[in-house]
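# Analysis of the macromolecular model
Residue-level listing of the chains:
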Amino acid sequence: MKGITPVILCGGSGSRLWPLSRDMNPKQFQPVEGHGSQTFFQQTVLRHIGGCYNKPLVVSGSRYAHVVTQQLAAIGQAA
């Protein structure tokens, strides 16, 4: 592979955006512009697609694996 491989870290307890975010649904998985919009995580992934970038490497705890998979699928990116 040539280019830059982005490493996207997704973890945390969701305490800084309380009450919107919770332990099982922290801020990176919340919609940026309200219900139905992309999440912080999805927008980060989309910023790092194409051009000089290789496919992003997403690092997450196992407790968020299902959310990561769902949100990647929602923007047309395979996990």
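Here's what I pulled together on the structure shown here. None of the values given here were measured: they were computed from a predicted structure.

### Things to note about the environment of S37
Assignment of secondary structure puts S37 in the loop between strand 1 (7-10) and helix 1 (40-47). Given a relative accessible area of 23%, S37 falls into the partly exposed group. Excluding its chain neighbours within four sequence positions, the residues that come into contact with S37 are P31, V32 and Q42. Within polar-contact distance, the side chain of S37 engages the backbone nitrogen of E33 at 2.9 Å.

### Section: helix 1
Every buried residue belonging to helix 1 is among F41, Q42 and V45, and all of these are buried. Down the axis of helix 1, the buried side of the element spans an arc of 95 degrees, and every buried residue falls inside it. On the buried face of helix 1, the contacting elements are strand 1, strand 2 (57-60) and helix 2 (65-74).

### Side note on the nonpolar core
Ranked by size, the top nonpolar core spans 10 residues in total: I8, C10, F29, F41, V45, Y64, V67, V68, L72 and I75. Every element with two or more residues in this core is listed here: strand 1, helix 1 and helix 2. Broken down by element, this core gets its largest block of residues, three residues, from helix 2. Residue contacts for I75: discarding those within four places in its chain leaves Q38, Q42, V45 and L46.

About the criteria used
Residues numbered from 1 in each chain as written. Predicted model: local features only at pLDDT ≥ 70, side-chain atom pairs only at ≥ 80, totals over all residues. Heavy atoms only, no water. Helix = DSSP H or I, 4+ residues; strand = E, 2+ residues; numbered from the N terminus. Buried < 20%, exposed > 50% of the residue type's maximum accessible area, 1.4 Å probe, protein only. Contact = heavy atoms within 4.5 Å. Polar contact = N/O pair within 3.5 Å; in protein donor to acceptor, adjacent residues only side chain to side chain. Arc of directions from axis to C-beta. Core = buried A, V, L, I, M, F, W, Y, C linked by side-chain atoms within 4.5 Å.

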